[in-house]
Amino acid sequence: MRFRSLGVALVATAALVTLPTLSPPTAAAADANLAQGRTATASSTENAGTPAASAVDGDLATRWSSAATDDQWLQVDLGATASISKIVLNWEAAYGKDYKIQSSPDGGSWTDLTSVTGGDGGTDTLTVTGQGRYVRLQGVHRATGYGYSLWEFQVFGTTGTTQPAACNTANAAQGKAASASSTENAGTPASAAFDGDDTTRWSSQAVDPQWVRVDLGSAQDICKVDLNWEAAYGKDFQIQASADGQSWTTLKTVTGGTGGRASYDVSGNGRYVRVLGTARGTGYGYSLWEVAVHTGSGGGTPPVQGGGDLGPNVIVVDPSTPNLQQKFDQVFAQQESAQFGSGRYQFLMKPGTYNGINAQLGFYTSISGLGLNPDDTQINGDITVDAGWFNGNATQNFWRSAENLAITPSNGTDRWAVAQAAPFRRIHVKGGLNLAPNGYGWASGGYIADSKIDGTVGPYSQQQWYTRDSSVGGWTNGVWNMTFTGVQGAPATNFDSGPYTTLDTTPISREKPFLYLDGNDYKVFVPAKRTASRGVSWPANAGGTSLPLSQFYVVKPGATAATINTALAQGLNLLFTPGVYHLNQTINVTRANTVVLGLGLATIVPDGGVDAMHVADVDGVRLAGFLIDAGAANSDTLLQIGPAGAGADHAANPTTMQDVFVRVGGAGPGLATNSVVVNSDDVVIDHTWLWRADHGAGVGWETNRADYGLKVNGDDVLATGLFVEHFNKYDVLWSGERGRTIFFQNEKAYDAPNAAAITHDGIVGYAAYKVADTVTTHEAWGLGSYCNFTSDPSIVQRHGFQVPVKAGVKLHDILVISLGGKGQYAHVVNDTGSPTSGTDTIPSKITQFP
């Protein structure tokens, strides 16, 4: 609430409030206030009575005000590129102490025109020099405990000889996909308002508010909207535009409408156009014979182009590439110990045979073949991960990957000594595979999928491992938790006496999308869903589809969230090239079957407390191969799949999340209440590591606080290969029905300061994996939770797992472990299972619960 601030301003400006408009101050003769009446948007508004538009309406009695946080902005679209000479800010009592004025040609990339520090409110007149179509006030620090508040935001300058874009006479909406908040009956669908036929109509139910909208298919400059009302018309309504179909900008507000035919000149950009009725003119609903949308033919923001080169950190090689070994060695020398560095690299190997190669992979380095099948790219040599940088300890060999190639190891066995977030996918090893570091030091991994290992896999010191839909020539030993689904040659289950849990098939799988070459053209292959799968998916690749690179926005370092969202709104997929991407807006994935694919552990960092990515409740989105790194300001949810209350059926075409990793802290302070929240039904989570950092920079119980790792609210969600660690409360909280997890690895937060800090509901410690009391059906296999309470080794956690005792809730092969006696578990599940034992690092197990 802001009553105090508003009251002060009204008293101070009482003599001015009666003036209907604000007279602009004197400027250069050719200059004019280019902002008045233009489309304005903002990062936030305090309430519905203080919209962005009020700062550019020329009225001193209306204002824009923001939410009460520092990083807020207001921007105006001047309609065309202008030479900007002066900015005038008329502050309300809640003013900006430190702020910037910025311009942009496209609303995406911004240039500072001037910076103000130590502002004192009132009226600020700023002389600037620059060009742009968009002008923005970017707040840095507020002067009061309220938000930023402006009576008026004026931009003076000239548009030169540039003429405004011509408004096309063609109807850009005709025949396009339409939807509505409701329909009166089956004979009055939303599509009837966009079919070009004045004898068919859309009509709504007889309540306020109601809306009808159209998808233009791509982002366009919108210059005019024609409405042809039937007798049941809208008295008060708004015409709105949106890039993503979720966040709407009002282009025109109409009050006291009288129906019939009307045309409205507007200015804005969007893929979606909506007529939002707020008050009906009759006792019936809203009814429109036709809605026509006209767009500009030139001068607007150009569309985002698909395709193009893959940027500087993608290294494409072939067997004839000179000094190839040197290229691998140079990147490895830089990345070997750069655990929290900013370097990101992707090696892409064209089909062919490579001899005598040893590709050592350090942090944030990926290697992939560019054939349609692994055997198209043959390496007579090795792809090696070892732990020399960490004195033979492989427990921190994170964030690297290998994919889609064949290896004939130089000594018969390849070494892949990794920990979490290091997938080994779609690989043919023509020999054996050693998962331990040289010297058999500690190791804590890992994940294999869709791979064929002709020889024996030796995990040796690996504490846990999950292998899916593969074939192996043999498997030796293991430490605590080795889980297999759909693996030909896997060892039989022996969890009562050993580490193995084996399921003959994987219930649902769909392999990760991958980049390949078709002749000289890059394409992305998107594999099809499989059920009850077993063994590798190649070489048949049955049921998949290929997408040309022209259907992807190739995202490169420096790209803005605005441009990324525009590309998505145009219908493009995303291919993130290696880099670190700081974003000031949430990435909104709203189209069914969108592919978001990362190369080289591309890293997304949400700044200013925004969420990193939201996925709509639509079919078949593929998220794969990237890292989300929490920013210094707290985000509510880093990745959200489906909005709250989502309930659509996606069983035939689920959204998949594969090799998507989340980090909170470690590279610097990071904060997020939730890492991943899944609200949609039928989602498949195939290999993720959600990690609240226990080492690195910005680490502390509150410094990198993150309460929840994974929340599942959707029904029929499947997780295969779930790694979640160190969260302040529940690492996994599962509230959806009929959920399934195959393999879970967890460590509780090392830095819990004492038992009191983690006591809730009379229970000491938050379970690593909690199934909500309301759930009636849930099943999980191969689950492990470890404690290492280094801040207070006297903590005795009640249990590792907490589930309702119901016939439909079943857990198989579960264990808890105290690492060297740093804290203990009293039980395994609820109050069942033996306590962990002293300083002996020995599992306490249950093979079946209940």
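Residues numbered from 1 in each chain as written. Predicted model: local features only at pLDDT ≥ 70, side-chain atom pairs only at ≥ 80, totals over all residues. Heavy atoms only, no water.

Brief notes about empty space enclosed by the protein
Link 1 in the chain: One pass over the structure, following the stated rule, counts five cavities of 30 Å³ or more.
Link 2 in the chain: Volume-wise, the largest cavity comes out at about 230 Å³.
Link 3 in the chain: Taken together, 24 residues line the largest cavity, and the ones lying closest to its centre are Gln346, Ser401, Glu403, Lys512 and Gly598.
Link 4 in the chain: Mapped onto the lining of the largest cavity, the elements with two or more residues apiece are strand E17 (345–349), strand E19 (365–369), strand E21 (400–408), strand E31 (514–518), strand E39 (595–606) and strand E43 (656–664).
Link 5 in the chain: When the residues that make up the lining of the largest cavity are grouped by side-chain class, the tally is ten nonpolar, nine polar and five charged. (1 Å grid on protein atoms, 1.4 Å probe; cavity = no way out; pocket = protein on both sides within 12 Å on 5 of 7 lines; lining within 4 Å. Points joined across faces, edges and corners; volume = space filled by probe spheres on them. Helix = DSSP H or I, 4+ residues; strand = E, 2+ residues; numbered from the N terminus. Nonpolar A, V, L, I, M, F, W, Y, C, P; charged D, E, K, R; others polar.)

Considering the state of the cysteines
Link 1 in the chain: Inspection of the entire model under this criterion finds one disulfide.
Link 2 in the chain: There is a disulfide in this structure between Cys167 and Cys223, and the S-S distance comes to 1.9 Å. Torsion about the S-S bond of the Cys167 and Cys223 cystine: about 90°, corresponding to right-handed handedness. Placement of Cys167 in the loop between strand E8 (149–158) and strand E9 (178–180) and of Cys223 in strand E11 (residues 210–229) is noted, with a sequence separation of 56 residues between them.
Link 3 in the chain: Among the residues examined, Cys167 registers a relative accessible area of 34% and is labelled partly exposed.
Link 4 in the chain: Accessibility expressed as a relative area gives 17% for Cys223, which makes it buried. (Disulfide = S-S within 2.5 Å. Buried < 20%, exposed > 50% of the residue type's maximum accessible area, 1.4 Å probe, protein only.)

Things to note about the side chain of Glu725
Link 1 in the chain: Position of Glu725 relative to the elements: it lies in strand E47 (residues 718–725).
Link 2 in the chain: Nearest to the buried, unbridged Glu725 among oppositely charged side chains is Arg692, at 11 Å.
Link 3 in the chain: Engagement of the side chain of Glu725 in a polar contact is seen with the side chain of Trp689, the distance being 3.0 Å.
Link 4 in the chain: Apart from the residues within four sequence positions on either side, Glu725 is in contact with Gln420, Trp689, Leu690, Trp691, Arg692, Asp731, Gln745, Asn746 and Glu747. (Lys, Arg positive; Asp, Glu negative; His and termini not counted. Salt bridge = Lys/Arg side-chain N within 4 Å of Asp/Glu carboxyl O. Polar contact = N/O pair within 3.5 Å; in protein donor to acceptor, adjacent residues only side chain to side chain. Contact = heavy atoms within 4.5 Å.)

Overview of the layout of surface pockets
Link 1 in the chain: The space that makes up the second largest pocket amounts to roughly 540 Å³.
Link 2 in the chain: Taken together, 25 residues make up the lining of the second largest pocket; nearest its centre are Thr395, Trp442, Gln463, Glu747 and Tyr750.
Link 3 in the chain: The residue makeup of the lining of the second largest pocket, split by class, is ten nonpolar, twelve polar and three charged.

Looking at the sheet that holds E31
Link 1 in the chain: With antiparallel pairing, the three strands of this open sheet are ordered in space as E31-E32-E34. Strands with a single pairing partner mark the edges of an open sheet, and in this sheet they are E31 and strand E34 (545–548). Within the sheet, the average angular offset between the axes of one strand and its neighbour, ignoring direction, is 40°.
Link 2 in the chain: One ladder, built from five bridges, connects E31 with strand E32 (residues 521–526); its direction is antiparallel. In the strand pairing of E32, Phe514 is matched with Phe525. (Pairing = 2+ DSSP bridges. Axes fitted to C-alpha atoms, helices over the stretch in contact; angles between N-to-C directions.)

Remarks on the sheet that holds strand E46 (residues 708–712)
Link 1 in the chain: The parallel open sheet is built from nine strands, whose spatial order is E38-E40-E42-E44-E46-E48-E52-E54-E56. Either end of the sheet is taken by a strand with one partner, and the two such strands are strand E38 (587–589) and strand E56 (824–829). Taking each pair of neighbouring strands and ignoring which way they run, the sheet shows an average axis angle of 25°.
Link 2 in the chain: As defined by bridge partners, strand E48 (residues 732–734) adjoins strand E52 (residues 769–771) across three bridges and the pair is classed as parallel. Within the sheet, the bridge partner assigned to Val732 lies in E52 and is Tyr769.

Structural notes on the pairing of strand E54 (residues 796–802)
Link 1 in the chain: Burial within E54 is extensive, with five of its seven residues counted as buried.
Link 2 in the chain: Summarising the sheet, E52 and E54 pair through two bridges and their orientation is parallel. When the sheet's bridge partners are listed, Tyr769 is paired in E54 with Phe801.
Link 3 in the chain: Bridging between E54 and E56 involves four bridges; their strand directions are parallel. If you follow Gln797 over to E56, its bridge partner there is Tyr825.

Remarks on the confidence of the model for the chain
Link 1 in the chain: When the pLDDT values of the chain are averaged, the result is 92; 94% of them are 70 or greater.
Link 2 in the chain: Note that pLDDT drops below 50 for residues 1–29; the model gives that stretch 43 contacts with residues more than four away or on any other chain. (pLDDT = per-residue confidence, 0-100.)

Quick look at the pairing of strand E35 (residues 552–555)
Link 1 in the chain: Burial along E35 is two-sided: the residues Phe552 and Val554 and Tyr553 and Val555 are all buried.
Link 2 in the chain: Bridge count between E35 and strand E36 (residues 573–576): four bridges; the pairing is parallel. Opposite Phe552, over in E36, you have Asn573 as the bridge partner.
Link 3 in the chain: The parallel pair E35 and E36 is bridged by helix H3 (residues 561–569), and the resulting crossover is right-handed. (Right-handed = clockwise from strand over helix to strand, strands pointing away.)

A short note on the environment of Lys810
Link 1 in the chain: Its location among the elements puts Lys810 in strand E55 (residues 809–818).
Link 2 in the chain: Looking at Lys810, the relative accessible area reads 35%, which means it is partly exposed.
Link 3 in the chain: Along the sequence, Lys810 and Asn788 sit 22 residues apart, while their C-alpha atoms lie 27 Å from each other.
Link 4 in the chain: Setting aside its immediate chain neighbours within four residues, Lys810 contacts His778, Glu779, Ala780, Gln848, Phe849 and Pro850.

Describing H3
Link 1 in the chain: Within H3, eight of the nine residues are buried, leaving the element largely enclosed by the surrounding structure.
Link 2 in the chain: On the buried face of H3, the contacting elements are E11, strand E14 (261–280), E35, E36, strand E37 (580–583) and E38.

Let's talk about the packing of aromatic side chains
Link 1 in the chain: Counted under the stated rule, the structure contains 34 aromatic pairs.
Link 2 in the chain: A ring pair is formed by Phe340 and Trp691, whose centres lie 6.5 Å apart and whose planes are at 5°; its orientation type is stacked. In this pair, Phe340 sits in the loop between helix H2 (324–335) and E17 while Trp691 sits in strand E45 (residues 684–692), placing the two residues 351 residues apart along the sequence.
Link 3 in the chain: Taking relative accessible area as the criterion, Phe340 reaches 24% and is therefore assigned partly exposed. (Phe/Tyr/Trp six-rings, centres within 6.5 Å; stacked < 30°, edge-to-face > 60°.)

Some details on unusual backbone geometry
Link 1 in the chain: Here the amide bond leading from Trp538 into Pro539 is cis, since omega sits at 10°, within 30 degrees of zero.
Link 2 in the chain: Note that Pro539 resides in the loop between strand E33 (530–533) and E34.
Link 3 in the chain: With an omega of -5°, the peptide bond between Phe849 and Pro850 qualifies as cis.
Link 4 in the chain: Secondary-structure assignment places Pro850 in the segment after strand E57 (844–849).

Thoughts on the side chain of Asp751
Link 1 in the chain: Structurally, Asp751 is set in the loop between strand E49 (739–747) and strand E50 (759–760).
Link 2 in the chain: Only 2.7 Å separates the side chain of Asp751 from the side chain of Arg692, close enough to count as a polar contact.

Focus on the pattern of salt bridges
Link 1 in the chain: Applying the stated criterion to the full structure yields 34 salt bridges.
Link 2 in the chain: Glu230 serves as the salt-bridge partner of Arg201, at 3.9 Å between the closest nitrogen and oxygen. Placement of Arg201 in the loop between E9 and strand E10 (202–203) and of Glu230 in the loop between E11 and strand E12 (234–242) is noted, with a sequence separation of 29 residues between them.
Link 3 in the chain: By relative accessible area, which is 22% here, Arg201 ends up partly exposed.
Link 4 in the chain: Put simply, Arg425 and Glu511 hold a salt bridge, and the shortest N to O gap is 3.9 Å. Remark: Glu511 occurs in the loop between strand E30 (506–509) and E31 and Arg425 occurs in strand E23 (residues 424–429); sequence separation between them is 86 residues. A single burial state applies to Arg425 and to Glu511, both of which are buried.
Link 5 in the chain: What you see here is one network of salt bridges that share partners, running through Arg425, Arg468, Asp469, Glu511, Arg530, Asp659 and Asp686.

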